[in-house]
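Spelled out from the first residue to the last, the chains are:
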Amino acid sequence: MTWQLTFKVARYKPGEPPRTDTFQIELDPERTILDGVEKIWAEQDRTLTFRHACHHASCGSCAIMANDVEVLPCIVEVNQVTRNGGTIEVGPLHNFPVVSDLVVDMGTFFERMQQVGMPIIGPTDPLDNQPKDDFHAYENCIECGICLSACPVVATDPTYLGPAALAAAYRQYHNSDDSEEKQRIMNLVDRENGIWRCHVAYECTAACPSNVDPAGKIMGLRRQATVNRVRKLFGLKPA
Amino acid sequence: MAVSNAPEGSRAYPGQQPREPQKRVLRWFQPFNRSLGTWSFTLNRVTGIGLVVYLYLHLGVLSLLLVGEESWDTFLAVAKSPPVLVMDVVLLAGLLIHGFNGLRVALVGSGFMVKQQRQLFIGMMVLALILLVIGGTAVFLK
């Protein structure tokens, strides 16, 4: 059985005003939103731009907005967001510059991950440097950018480091035995547009498809920063 | 491990190009389809803005004292009317929600009860509601 669906797709090409295009498609209700987008591309509009790779929530490259919620469209079935004859509105993630249609520029996002010492592909990490149990959750981060899109603070403060980079910083801070590296990370995050910019909305944690809990990590870093400051008052080294 | 040489925090997320910057602030007030945390975030902003507006309103009203006794007495008569008493209850609601939610933000933001932040929000709001009912009743009975 197939469903009749309406896809409203946010379109944007550099130099052109943004618009919304409407597509009617037939789709099995157990197929994913990404299947729908691919069907539109294949059968109706070859100029539609979107990003995808693994189709199983492993690469994080396909993250978009669907009905105003951040999703990995490769694992969300259409029956989870609409009904037969219903509408699915898709658009690019919030809080990122749009390159074209559903594709956003992740450059700054990856740059900040690198700043905290968490490059996407580390030459010696993580296989020969297995994290401690407490940090396993971070290893699940697929760098999809959903946490940044969901964060209401990033929406109005583009200089905010953001949940993903701060969660990575937490992991790197606690996983490092190098006091200089720890201090470098703390200097990076213990400032106005670092850990103290978070307003405890916990939307990043709620939206994260990999259960990384970025907000919890930010709170952990705050506690660590506070402990370090108190220790400094008594002339002690940071913990 | 490789570390970027990019200046710390030097590059901002430029925002979503088709969306004007002034529209991005609307995200603060769109908790629909979001988690309880965003509702608390939105509540804190709405009540915060409301309390700031009230502060200036309050200062404006107090300035009536400079005008004279008669104008102040006239204001007091208005202040005891039911519509203004309802506004007093709204003010009390704003104070309680902002205060208790702020306490939750301070606690969780300092690393306390991080894993129980959701329950903490619900508990704080229940406490605010109980005090609002007591306070609201007192406003109308006195």
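Residues numbered from 1 in each chain as written. Chains lettered and ligands numbered in written order. Predicted model: local features only at pLDDT ≥ 70, side-chain atom pairs only at ≥ 80, totals over all residues. Heavy atoms only, no water.

Novice: Explain the confidence of the model for chain A to me, please; I cannot follow it from the model alone.
Specialist: Any segment with low pLDDT has predicted coordinates that should not be analysed in fine detail. Here chain A shows a mean pLDDT of 89. Residues at 70 or above account for 91%. Within chain A, helix 1 (residues 33-43) of chain A carries the highest mean pLDDT (98), whereas helix 3 (residues 136-139) of chain A carries the lowest (59). (pLDDT = per-residue confidence, 0-100. Helix = DSSP H or I, 4+ residues; strand = E, 2+ residues; numbered from the N terminus.)

Novice: What am I meant to see in the packing of aromatic side chains here?
Specialist: Pairs of aromatic rings are described using the distance from one ring centre to the other and the angle between the two planes. The full count for this structure, using the stated rule, is six aromatic pairs over all chains. When the ring of W28 of chain B is compared with that of F41 of chain B, the centres are 6.3 Å apart and the planes differ by 80°; the resulting orientation is edge-to-face. Placement of W28 of chain B in the loop between helix 1 (21-24) and helix 2 (36-62) and of F41 of chain B in helix 2 is noted, with a sequence separation of 13 residues between them. On the basis of relative accessible area, F41 of chain B is assigned to the buried category, the value being 2%. The side chain of R46 of chain A reaches across the aromatic face of W41 of chain A, ending 3.8 Å from its centre. Stacked on the ring of F41 of chain B, the Lys or Arg R45 of chain B has its end atom at 3.9 Å from the ring centre. (Phe/Tyr/Trp six-rings, centres within 6.5 Å; stacked < 30°, edge-to-face > 60°. Buried < 20%, exposed > 50% of the residue type's maximum accessible area, 1.4 Å probe, protein only. Lys NZ or Arg CZ within 6 Å of the ring centre and 35° of its normal.)

Novice: Hey, could you run me through the environment of V76 of chain A in this one?
Specialist: Residues and elements named next belong to chain A. Along the chain, the position of V76 falls in the loop between strand 4 (69-71) and strand 5 (87-91). With 46 residues separating them along the chain, V76 and E30 place their C-alpha atoms 9.0 Å apart. Among all residues touching V76, those that are not within four sequence positions of it are R31, T32, I33, V71 and V81. (Contact = heavy atoms within 4.5 Å.)

Novice: Is there a simple way to think about the environment of G235 of chain A in this case?
Specialist: Its place among the elements puts G235 of chain A in the segment after helix 9 (214-233). When the C-alpha positions of G235 of chain A and C54 of chain A are compared, they lie 51 Å apart, and in sequence the two are 181 residues distant.

Novice: Looking at this structure, how should I read unusual backbone geometry?
Specialist: Both trends apply: most residues other than glycine have a negative phi, and most peptide bonds are in trans. All names here are of chain B. Positive phi is not limited to glycine here, since N33 has a value of about 65°. Residue position: N33 is located in the loop between helix 1 and helix 2. Take N33: its relative accessible area is 53%, and that puts it in the exposed class. In the Ramachandran plot, M113 falls in the positive-phi region, its phi being about 55° despite a non-glycine side chain.

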